[in-house]
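Below, each chain spelled out in residue letters.
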Amino acid sequence: MIDVVTGITEQAQGRRTFVVTGGNSGLGFECASVLAQDSSNVVVVACRDVRQGEQAVARMKGVHDNVTVLPLDLADQGSIRRFVDTCRDRHFPPLAGLVCNAGGQNVAVPTKTRDGYETTFAVNHLGHYLLTRLMLPDLAADAQITFTSSGTHDPAQRTGMPEPRYTTAQALAHDFEPGMQAGQRRYTTSKLCNIYTSYEYTRRLAALAEPRLHSLRVNAFDPGLMPATALARTYSAPLRFISRYILPLLALFMKNIHSPATSGRRLALLASGSEGPTTGKYFSNGHETRSSVASYDTRNALDLWETSAEMTGIPSNL
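A quick note: this is a predicted structure, and the numbers were derived from the prediction, not measured.

Moving on: the overall build of the protein. Along its length, the protein carries 11 helices and eight strands. Here the protein holds 318 residues, and the buried ones make up 55% of them. Sequence separation of at least 24 residues holds for 78% of the intrachain contacts in the protein that already meet a minimum separation of 6. Approximately 14,100 Å² of the protein is accessible, and the part contributed by carbon and sulfur atoms is 53%.

Here we come to the pairing of strand β6 (residues 217-222). Consecutive residues of a regular strand have side chains that alternate between opposite faces of the sheet. Judged by how many residues are buried, β6 sits mostly within the fold: six of six residues are covered. Alternating residues of β6 divide into Arg 217, Asn 219 and Phe 221 and Val 218, Ala 220 and Asp 222, and every residue in both groups is buried. Inspection of the sheet shows strand β5 (residues 139-148) paired to β6 by five bridges, in the parallel sense. When the sheet's bridge partners are listed, Thr 146 is paired in β6 with Asn 219.

All right, on to the packing of aromatic side chains then. Aromatic ring pairs are reported here in terms of the distance separating the ring centres and the angle at which the planes meet. Taken as a whole and assessed by the stated rule, the structure comprises five aromatic pairs. An angle of 85 degrees between the planes, with centres 5.1 Å apart, marks the rings of Tyr 129 and Trp 305 as edge-to-face. Taken together, the positions of Tyr 129 in helix α5 (residues 119-135) and Trp 305 in helix α11 (residues 298-312) put the pair 176 residues apart, joining distant regions of the chain. Assigned by exposure class, Tyr 129 and Trp 305 land together as buried. With a centroid separation of 4.8 Å and 90 degrees between ring planes, the pair formed by Tyr 201 and Trp 305 is classed as edge-to-face.

Our next topic: the confidence of the model for the protein. Summing up the model confidence of the protein, the mean pLDDT is 89 and the portion of residues at 70 or higher is 85%. Scored below 50 in pLDDT, residues 1-12 makes 26 contacts in the model with residues more than four places away or belonging to other chains. Taken as a whole, residues 239-243 scores under 50 in pLDDT and shows 11 contacts with residues more than four places along the chain or in a different chain.

Moving on, we come to unusual backbone geometry. Backbone geometry places His 91, a non-glycine residue, at a positive phi of 55 degrees. Checked against the element boundaries, His 91 lands in the loop between α4 (77-90) and β4 (95-100). With a relative accessible area of 68%, His 91 lands in the exposed category. Its identity is not glycine, yet Arg 158 carries a phi of approximately 50 degrees, on the positive side. Mapped onto the elements of the fold, Arg 158 is located in the loop between β5 and α6 (169-173).

The next point concerns the sheet that holds β6. Read across the open sheet, the eight strands follow the order β3-β2-β1-β4-β5-β6-β7-β8; overall the sheet is mixed. Both outer strands of the open sheet, β3 (67-71) and β8 (287-289), are each paired with one neighbouring strand and no more. Across the sheet, the mean angle from the axis of one strand to that of its neighbour is 25 degrees, orientation sign disregarded. Lying over the sheet, helix α2 (residues 26-36) contacts β1 (16-21), β2 (41-47), β3, β4, β5 and β6, oriented at roughly 165 degrees with respect to β2.

This part takes up the pairing of β1. Counted residue by residue, β1 has six buried out of six residues, so it is predominantly covered. Here β1 shows no split at all, with Arg 16, Phe 18 and Val 20 on one side and Thr 17, Val 19 and Thr 21 on the other all buried. Two elements, β1 and β2, share six bridges in a ladder whose sense is parallel. Residue pairing for β2: Val 19 is matched across the bridge by Val 44.

What follows concerns the environment of Gly 183. Note on placement: Gly 183 falls in helix α7 (residues 180-206). When its relative accessible area of 0% is taken as the criterion, Gly 183 is described as buried. Distance from Gly 183 to Gln 105, taken between C-alpha atoms, is 7.1 Å for residues 78 residues apart in sequence.

Okay, the environment of Leu 192 next. By the secondary structure assignment, Leu 192 is in helix α7. For the pair formed by Leu 192 and Arg 165, sequence separation is 27 residues and the distance between their alpha carbons is 9.2 Å. Ignoring anything within four residues of it in the chain, the contact list for Leu 192 reads His 153, Pro 164, Tyr 166, Ser 292, Ala 294 and Ser 295.

Once that is clear, we can look at α7. The terminal C-alpha atoms of α7, which comprises 27 residues, lie 40 Å apart, in line with the 39 Å expected from a rise of 1.5 Å per residue. Among the 27 residues that make up α7, 23 are buried, leaving the element largely enclosed by the rest of the structure.

Rules of the game
- Residues numbered from 1 in each chain as written.
- Predicted model: local features only at pLDDT ≥ 70, side-chain atom pairs only at ≥ 80, totals over all residues.
- Heavy atoms only, no water.
- Helix = DSSP H or I, 4+ residues; strand = E, 2+ residues; numbered from the N terminus.
- Buried < 20%, exposed > 50% of the residue type's maximum accessible area, 1.4 Å probe, protein only.
- Contact = heavy atoms within 4.5 Å.
- Areas by Shrake-Rupley, 256 points an atom, 1.4 Å probe, with all protein chains shown as cover.
- Pairing = 2+ DSSP bridges.
- Phe/Tyr/Trp six-rings, centres within 6.5 Å; stacked < 30°, edge-to-face > 60°.
- pLDDT = per-residue confidence, 0-100.
- Axes fitted to C-alpha atoms, helices over the stretch in contact; angles between N-to-C directions.
- Expected span 1.5 Å × (residues − 1).

See below:
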């Protein structure tokens, strides 16, 4: 595999822009850092707290003035629309990549967004659906949309997380069942939704005659288990301790356990197009592989797509 930074630099032709949601911490921070090491890239770190985003940028090594922080709250559809408007007002270079990375896992009391939807579903899936749909006109030819999913979507991987339960998108959006198990299940199901969205995008873009849209590539990415990230913040203190200090030791015995830096480099490689003209694929543990059996259910993918369009007030057709 080529070096990530070198691969991106060799492919750079003029200035181009990458948007990384959740680029202020964890996986997103590492991905944004790698992308920003190429001075021809403009990297937009999209996060809820601009101050925290600016502090994160200050920690990036070898980065100068090519990183911008803009506010984006994926739980608020109004915030998403304002973010898109701001990007257009700033007249960034051509948009070469959308890295839909931000996400959360809530095992505490379920919460509802101001738009009325369960927060895990709204942030991990619906917000990114709206963001990508709104920014389709801005994406350059051959641009990449990359959704951060998770191996927890696949029960065959035996990750210890509850199996996803997809019935309808309406049911997911209004699932407020209490309990840790239910919270974890909402997370794994939202990661399944990311893959449904990737595959449905691919089918729809392939059917279009317009060359720019037809050229867009959409893939899903599994970063593997990354102990000690913010995903465990709603867990109890003992479980947070295990996540921070015990789980990293499992990397000595188990596959697909990585540091955020390792997975961030891999995500940047995929999001920058360095993997070539790949689309409609799922990447895990550093290579293209099959996603879960359930993830290829086109009826579920269609239900999710059309219901998401209704929930965000945009047409179903691209």
